[in-house]
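Listed below, chain by chain, are the residues.
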Amino acid sequence: MTLQQALAFGLVGVTIAAFIWGRWRYDVIALSALLLGLALGVVPTDKAFSGFANDVTVIIACALVVSAAFARSGVVEAVLRPLLPRLASARTQVPLFTGVVALLSMVTKNVGALALMMPIALQVARRTNTPPSRLLMPMAFGSLIGGTVTLVGTSPNILVSEVREQILGRPFGMYDYAPVGLGITALGLVFLAFGYRLLPRTRVATETLDAAIETAPYFTEVAVPEDWTLEKRTVASLHRMASGEVSIVAVIRDGERRPSPSGNLRIRPGDTLLLEGEHQDLDAFINRARLKLTRADRPVSMEEPTEEVRIVEAVVSPDSALIGRSAKQEDLYGQQNVNLLAVSRSGYRTSSELKGIRLRAGDILVIQGGERSLPAALKNLGLLPLAERELRLGGIRRRLLPTLILGAAMILVAMQIVPVAIAFFAAAVAMVVSGAIRMREAYGALDGPVLVLIAALIPVSDAIRATGGAELVAASLAAVFEGRPPILALGAVMAVAMAATPFLNNAATVLIVAPIGAALAQLLKLNPDPFLMAVALGAACDFLTPIGHQCNTLVMAPGGYRFGDYPRLGAPLTALVLFVGTPLIAAVWPLQA
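Residues numbered from 1 in each chain as written. Predicted model: local features only at pLDDT ≥ 70, side-chain atom pairs only at ≥ 80, totals over all residues. Heavy atoms only, no water.

Attention now moves to the overall build of the chain. Scanning the chain from N- to C-terminus turns up 25 helices and nine strands. In terms of overall size, the chain behaves like a compact globule, its C-alpha atoms giving a radius of gyration of 27 Å where 593 residues would be expected to give roughly 25 Å. The C-alpha extent of the chain, read off along each of the three principal axes, is 90 × 50 × 45 Å. Looking at the chain as a whole, 54% of its 593 residues are labelled buried. Once local pairs closer than 6 in sequence are excluded, the contacts in the chain between residues at least 24 apart make up 80%. When the accessible area of the chain is evaluated, it comes to approximately 25000 Å², of which 60% is carbon and sulfur surface. Positive and negative side-chain charges in the chain, numbering 51 and 44 respectively, have mean positions lying 8 Å apart. (Helix = DSSP H or I, 4+ residues; strand = E, 2+ residues; numbered from the N terminus. Rg over C-alpha atoms; globule rule 2.2 N^0.38 Å. Buried < 20%, exposed > 50% of the residue type's maximum accessible area, 1.4 Å probe, protein only. Contact = heavy atoms within 4.5 Å. Areas by Shrake-Rupley, 256 points an atom, 1.4 Å probe, with all protein chains shown as cover. Lys, Arg positive; Asp, Glu negative; His and termini not counted. Charge placed at Lys NZ, Arg CZ, Asp CG, Glu CD.)

Written out as structure tokens, the structure reads:
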């Protein structure tokens, strides 16, 4: 072993130890490893920032933006809505939600697919008294196995494709993973449809920041447009459309207010409705019923054309000038250039028009304004902004366009007209330009820690390959497996990836194990492709801990899971993937070179 190889192995060893220790953030460890590699000389200075310009980083970032825009379109909610009333128990909920998440993970980033479906699943669980702990972990695991089907579904597939290009001169294609991924996904979904019973029923979900902010339902006011197409709609039918989550408190028609309207009252174009509900439910209902916020029809003036309109929540402070006055009296739009969209007051219900509600200290207001002028308006009005969170109310949802953009990107890649990075970069830009997602939301969709982790580890892990370290490890493994059935070596590589990814993060696992697997195949005079596929599948299938993949972490608090709950469902699924996936890879990708 040369000095450079020893330094490269030492650097990777220290990095792995830091990951396992868990004392520091993953991205901080990766950046520190990159800096240390430069100091030791095992990472060339001209390669230091190659990871930030790498196609892998670009593809993952763009896939996150495209996934977020697709999630905001509301297409999935619209497709699933007719099925939701039939989901009475976990027996039907688990297969449906797990299957939908797996399917979405094939065309978008798996973390985005899970984030899209979680609110819908939690809403159904709340209505049917289903423990969230029975739903969320199967959904997380479904997103992981679904992501193995295409190149963009999960980070390991993208990284393994990059390793293949470095070694063999050509990357894996968009759908090269599909034959193995579809088989594993089908088998995994069958297991999860019954295996969810292994999970505890009594776990209590951890309260999120959003839940802590929620105090009381919001009141907002909407207008029925003159070109409203939902004819013969009554109050009762609108209540059914809202699934009981939104109440119609009053109907205002020709200046006459009708509080607590009867269910058979027919809604007409030109009516004004006072609604009550949580802001997510209000937003979904307003878009579904094609209604318009009465205050949002006033255009907010911008200091610069590049500004964006923002919506924030703010509480009325004890010394606010709004106390005892209404939005109409204060002329919020004329004086401060902001619109009042909704009001929340604990223990209070009103049938008055929104602009006529006399405000009190402690009221929570939803305010719309330009991003530059909004801070000054909040200060002038004595409003204290709440912790920033995702808040949408009555915004336009473009359902068809994001679907078309995503479909076009997938087709272009499938037909090999453009590279994956270019296709998804173009799709991300098209999503922003078309208004499917705002630029601020696009930045928010980027998973900064993961992108930095991958970008920093690419040159660090490449140090093992560049110094010949991968061949050194592969030679030792080749001595063990020489003369034995090649499928044993293939299974061992997958097992190593599966064992490492819960502690290293799947990106780090691929970057370290993939070059070793490819070198082992070459020394055994076998085809490197099945070994790279084994690394990709093993690194993607982290079912044992909540820390190896973001999907597992995402469901931990809402599901109330403990660390030991993951192996209860994850260990048998891991064994299933290992013992079925290994021969499946060998059948699809011949081992002999």
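Having seen it, we continue.
It is worth spelling out the pairing of strand β6 (residues 309–316) at this point. Burial of β6 is extensive: six of the eight residues sit out of reach of the surface. Inspection of the sheet shows β6 paired to strand β8 (residues 364–370) by seven bridges, in the antiparallel sense. Its bridge partner being in β8, Val315 is matched across the sheet by Ile364. For β6 and strand β9 (residues 383–385), the ladder comprises three bridges, and the chain directions are antiparallel. Of the residues in β9, the one forming a bridge with Val316 is Leu383. (Pairing = 2+ DSSP bridges.)

If you check the backbone angles, Ser260 has positive phi at about 45° while not being a glycine. Secondary-structure assignment places Ser260 in the loop between β3 (256–259) and β4 (272–277). Phi at Lys525 takes a positive value of approximately 60°, unusual for a residue other than glycine. Relative to the assigned elements, Lys525 resides in the loop between α22 (506–523) and α23 (528–540). Under the relative-accessibility criterion, Lys525 is labelled exposed at 67%.

With that out of the way, let us pick up the confidence of the model for the chain. Counting all residues, the mean pLDDT for the chain is 82, and 91% of those residues have values of 70 or more. Predicted confidence in the chain is weakest over helix α10 (residues 209–213), with a mean pLDDT of 50, and strongest over helix α9 (residues 178–195), with 94. (pLDDT = per-residue confidence, 0-100.)

In this section: helix α1 (residues 3–21). Look at α1: 26 Å from first C-alpha to last across 19 residues, which is about the 27 Å you get at 1.5 Å a residue. All of the buried residues in α1 are Gln5, Ala8, Leu11, Val12, Thr15, Ala18 and Phe19. Down the axis, α1 shows its buried residues gathered within 165° of arc, on one side only. Facing away from the buried side of α1, by more than 90 degrees, are the exposed residues Leu3, Val14, Ile20 and Trp21. One or two steps after α1, the chain reaches Gly22, where phi turns positive at roughly 75°. (Expected span 1.5 Å × (residues − 1). Arc of directions from axis to C-beta.)

One finds Phe97, Met117, Phe141, Phe424 and Phe531 to be the most contacted residues of the largest nonpolar core, which totals 136 residues. One finds Tyr218, Leu238, Val251 and Leu275 within the second-largest nonpolar core, a separate group that totals 26 residues. (Core = buried A, V, L, I, M, F, W, Y, C linked by side-chain atoms within 4.5 Å.)

Inspection of every chain in the model, using the stated rule, returns five cavities of 30 Å³ or more. Looking at the largest cavity, the residues that line it are Leu159, Glu162, Val163, Gln166, Ile458, Ser461, Asp462, Arg465, Leu511 and Pro515. Residue assignment for the lining of the largest cavity shows that the elements contributing at least two residues are α8 (155–168), α19 (448–466) and α22. Grouping the amino acids of the lining of the largest cavity by side-chain chemistry returns five nonpolar, two polar and three charged. (1 Å grid on protein atoms, 1.4 Å probe; cavity = no way out; pocket = protein on both sides within 12 Å on 5 of 7 lines; lining within 4 Å. Points joined across faces, edges and corners; volume = space filled by probe spheres on them. Nonpolar A, V, L, I, M, F, W, Y, C, P; charged D, E, K, R; others polar.)

We now examine the packing of helix α6 (residues 110–128) against helix α24 (residues 550–559). Running from N to C, α6 and α24 point in directions that differ by 20°, and their axes come no closer than 9 Å. Judged on the interaxial angle alone, α24 and α6 are roughly parallel. Along this stretch, α6 crosses α24, giving a crossing that reads as right-handed. Side by side, α6 and α24 meet where Asn110, Val111, Leu114, Ala115, Met118 and Leu122 of the first sit next to Gln550, Cys551, Leu554, Val555 and Pro558 of the second. (Axes fitted to C-alpha atoms, helices over the stretch in contact; angles between N-to-C directions. Parallel < 35°, antiparallel > 145°, perpendicular 65-115°, else oblique. Left-handed = near helix turned anticlockwise from the far one by under 90°.)

Attention now goes to the packing of aromatic side chains. Taken as a whole and assessed by the stated rule, the structure comprises five aromatic pairs. Plain terms: the ring middles of Tyr561 and Tyr566 are 5.9 Å apart, the flat faces sit at 65° to each other, and that makes the pair edge-to-face. Just as Tyr561 is buried, Tyr566 falls in that class too. (Phe/Tyr/Trp six-rings, centres within 6.5 Å; stacked < 30°, edge-to-face > 60°.)

If you walk through the whole model with that rule in mind, you get seven salt bridges. Asp27 is the salt-bridge partner of Arg25, the closest N and O atoms lying 2.7 Å from each other. Across the pair Arg253 and Asp271 runs a salt bridge, and its minimum N-O distance is 2.6 Å. Here Arg253 is found in strand β2 (residues 247–253), whereas its partner Asp271 is found in the loop between β3 and β4, with 18 residues between them in sequence. This pair shows no difference in class: Arg253 is buried, exactly as Asp271 is. (Salt bridge = Lys/Arg side-chain N within 4 Å of Asp/Glu carboxyl O.)

Below, the discussion takes up a nonpolar patch on the surface. A contiguous nonpolar patch, built from Ile411, Leu412, Met415 and Ile417 and spanning about 390 Å² of accessible area, is present on the exposed surface. Of note, Ile411 is situated in helix α16 (residues 400–414). Residue Ile411 is classed as partly exposed on the basis of its relative accessible area of 49%. (Patch = residues over 30% accessible without salt bridge, like charges linked within 9 Å, V, L, I, M, F, W, Y side chains within 5 Å.)

Glancing now at the pairing of β2. Taken across its seven residues, β2 has six buried, putting it largely inside the fold. Two elements, β2 and β4, share five bridges in a ladder whose sense is antiparallel. Across the sheet, residue Ile248 finds its bridge partner in β4, namely Leu275. Bridge count between β2 and β3: four bridges; the pairing is antiparallel. By the bridge assignment, Val251 is partnered in β3 with Arg258. With antiparallel pairing between neighbouring strands as the criterion, β2 and β3 make up a hairpin whose turn holds two residues, including Asp254 at a positive phi of roughly 55°.

This paragraph deals with the environment of Ile454. Within the secondary structure layout, Ile454 lies in helix α19. You can call Ile454 buried: its relative accessible area is 1%. Residues Ile454 and Ala8, 446 residues apart in the sequence, show an inter-C-alpha distance of 18 Å.

This part takes up the packing of helix α3 (residues 55–72) against helix α17 (residues 420–433). Taken N-terminus to C-terminus, the directions of α3 and α17 make an angle of 35°; their axes are 8 Å apart at the nearest point. As α3 packs across α17, the resulting crossing turns out to be left-handed. Within the contact between the two elements, α3 uses Asp55, Ile59, Cys62, Ala63, Val65, Val66 and Ala69 and α17 uses Val420, Ala421, Phe424, Phe425, Ala427, Ala428 and Met431. Split by residue class, the contact of α3 with α17 holds 13 nonpolar, no polar and one charged.

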